[in-house]
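Listed here are the chains, written in short residue letters.
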There are 2 protein chains.
Amino acid sequence: MNLGFAAEMPETGGLLERLEEAQRLDDLQTAIEDLRDRYRVDHLVYHWVSANGTQYGCGTYDPVWVQRYLEKGYLRIDPVVIGCYQHFHPVDWKRLDWSSKAARAFQKDAIAHGVGNQGYSIPIRGPNGQFAVFSVSHNCDDEDWEEFTETNRRDLILVAHYFNQKALELEPGRTPEPAQPLSPREVEAMTLLAVGYSRAQVAETLSISEHTLRVYIESARYKLGAMNTTHAVARALSRGLIVV
Amino acid sequence: MNLGFAAEMPETGGLLERLEEAQRLDDLQTAIEDLRDRYRVDHLVYHWVSANGTQYGCGTYDPVWVQRYLEKGYLRIDPVVIGCYQHFHPVDWKRLDWSSKAARAFQKDAIAHGVGNQGYSIPIRGPNGQFAVFSVSHNCDDEDWEEFTETNRRDLILVAHYFNQKALELEPGRTPEPAQPLSPREVEAMTLLAVGYSRAQVAETLSISEHTLRVYIESARYKLGAMNTTHAVARALSRGLIVV
DNA sequence: TTTTGCCTCACTATTTCTGGGGAGTTGGAA
DNA sequence: TTCCAACTCCCCAGAAATAGTGAGGCAAAA
């Protein structure tokens, strides 16, 4: 029955198996270094993307560059992150938008710190709005890179998937709150707020009093651990509880 | 350099290639039927999950069952959907929570309509909180099923990925609006608002007066075509202009 | 060189939101 | 049956956000 899209071949050395059996985050770091050597590329990186500081990452970049990236807040500038966030399918770095001044400055800085001129990144999304990026980077011409990505893109999707699976499993402090679901009415309220309705309009649309609506918003805010309505809507969106 | 995790083998008949070249949603339906025949399983299904009704789906279930599923609102009861929503990795149906009365009633109804006793489902997440499930179902004993899933799980992850990619590409109404970019300061302001800061806190964090901050918010709101701050943050989030 | 976009600051009046209360019904789960 | 979660409604005062203006400096692009 095996159609062989992802057939395990002898020469892989069971890398995916090893990944599946990883017990600690250190094992991921070892695995990613091993994988880099086998692919014979300059860098492989897997990292989470989130605004709230605490985020996991492993890879083969120069630690100086990683430190600099975090300090400079490059997460908000990096066209790779922005581009991945907007897409589902893997993206080649060449096809991203590098037009802004900040992006070009970032690119220059990155290359100066050893990041390759070529790159291919895979966006990965987990429950509760978890978002991560798996990137492979190398120094070579367009033609070689084209061949490499064409040959390996399916592998890379799988590798990215397994990295994310393990990172989610092993990262402590993940799922402290079991993502308290919103009630149907709360979902409606949050959704309408997210599309720009004022409280009065939402109440009218839902055919309830504004007082009642407020109870829902309060309740949703409490469940989401949000400071205010805007925060609550943002959380509901990024956790995938509402869709606009 | 190909490590062969996802090596294309001759006997696949280039099914993933065909999937990549699909031009219409009909092609997905053809592809999923073809895939079912090749895997020699009872059913394959790919469908979106979203609160707002409109959702795409294709598969080999009895149309009567699909109709019934939608009418009865099984989307909110189905342990497969709920389980997938909470996990990242594929799940075997046996490992889900079927304990509630509603779930057991649903299961009975499903089997009565031709759904297999065994199943394996893969959650898939795209941008803007998009969420879909790719399921394979069959009638057999636990041992055979174990062998099937063990053999094909990596294939299935890839197939699910490609189905989602195509569905996102082909489904109308998903055309991202020409997202007018925000200035760096506007991005900072929107991001801080999205993580729950009040205007006063944002202004302090950015070391600017609240008056100035207001100008950014207004400007961002105008660029995003938003009615109010909450709306603006929601749009910035779902267009991937900011990351929380 | 002119225009355009970005960053910075200010005022006033009005509308909207938030944070405290309290209270009743219904339907499903333990 | 009892309990709980969800849904509905009400009051009030203070905090926050919005709408309508205004202005100047600076840097890059046309």
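Residues numbered from 1 in each chain as written. Chains lettered and ligands numbered in written order. Predicted model: local features only at pLDDT ≥ 70, side-chain atom pairs only at ≥ 80, totals over all residues. Heavy atoms only, no water.

Let us look at the side chain of A:Thr149. In this fold, A:Thr149 is placed in helix 6 (residues 142-170). Discounting residues that sit within four places of it in the chain, A:Thr149 has contacts with A:Asp92 and A:Tyr120. (Helix = DSSP H or I, 4+ residues; strand = E, 2+ residues; numbered from the N terminus. Contact = heavy atoms within 4.5 Å.)

Bringing the confidence of the model for chain A into the picture now. Residue and element names in this part refer to chain A. On average, residues of chain A score 86 in pLDDT, and 90% of them are at 70 or above. For chain A, the element scoring lowest by mean pLDDT is helix 1 (residues 15-20), at 85; strand 4 (residues 118-125) scores highest, at 97. Low pLDDT, under 50, characterises residues 6-12; the predicted model gives this stretch 23 contacts beyond four residues in sequence or across chains. (pLDDT = per-residue confidence, 0-100.)

We now examine a negative patch on the surface. Residue and element names in this part refer to chain A. A cluster of like negative charges, contributed by Asp-141, Glu-143, Asp-144, Glu-146 and Glu-147, occupies part of the molecular surface. Mapped onto the elements, Asp-141 comes out in the loop between strand 5 (131-138) and helix 6. Taking the relative accessible area as the measure of exposure, Asp-141 reaches 45% and is therefore partly exposed. (Patch = residues over 30% accessible without salt bridge, like charges linked within 9 Å, V, L, I, M, F, W, Y side chains within 5 Å. Areas by Shrake-Rupley, 256 points an atom, 1.4 Å probe, with all protein chains shown as cover. Salt bridge = Lys/Arg side-chain N within 4 Å of Asp/Glu carboxyl O. Lys, Arg positive; Asp, Glu negative; His and termini not counted. Charge placed at Lys NZ, Arg CZ, Asp CG, Glu CD. Buried < 20%, exposed > 50% of the residue type's maximum accessible area, 1.4 Å probe, protein only.)

It is worth spelling out the packing of aromatic side chains at this point. If you walk through the whole model with that rule in mind, you get 26 aromatic pairs over all chains. Ring geometry for B:Tyr46 versus B:Tyr56: centroids 6.2 Å apart, planes at 50°, classification tilted. With a gap of ten residues between them, B:Tyr46 in strand 1 (residues 43-48) and B:Tyr56 in the loop between strand 1 and strand 2 (57-59) connect regions that are remote in the sequence. Exposure remark for B:Tyr46: the relative accessible area of 0% places this residue in the buried category. Take B:Tyr56: its relative accessible area is 10%, and that puts it in the buried class. Taken together, A:Tyr46, A:Trp48, A:Tyr56, A:Phe134 and A:Phe163 form an aromatic cluster joined through their ring pairs. (Phe/Tyr/Trp six-rings, centres within 6.5 Å; stacked < 30°, edge-to-face > 60°.)

So, about the protein's contact with DNA strand C. Around DNA strand C, the structure places 19 residues, and the nearest of them are A:Arg199, A:Arg214, A:Arg221, A:Thr229 and B:Tyr216. Of all DNA strand C atoms lying within 4 Å of any protein atom, the proportion belonging to sugar or phosphate reaches 64%. With respect to DNA strand C, the side chain of B:Thr212 contributes an N or O atom lying 2.9 Å from a phosphate oxygen. Interatomic distance of 3.5 Å between a side-chain N/O atom of B:Arg214 and a base nitrogen of DNA strand C. Residue assignment for the surface near DNA strand C shows that the elements contributing at least two residues are helix 9 (210-224) of chain A together with helix 7 (184-194) and helix 9 (210-224) of chain B. Counting residues per element, the surface near DNA strand C draws most heavily on helix 9 of chain B, at six residues. By residue class, the composition of the surface near DNA strand C is five nonpolar, seven polar and seven charged. (Near = heavy atom within 4 Å. Polar contact = N/O pair within 3.5 Å; in protein donor to acceptor, adjacent residues only side chain to side chain. Nonpolar A, V, L, I, M, F, W, Y, C, P; charged D, E, K, R; others polar.)

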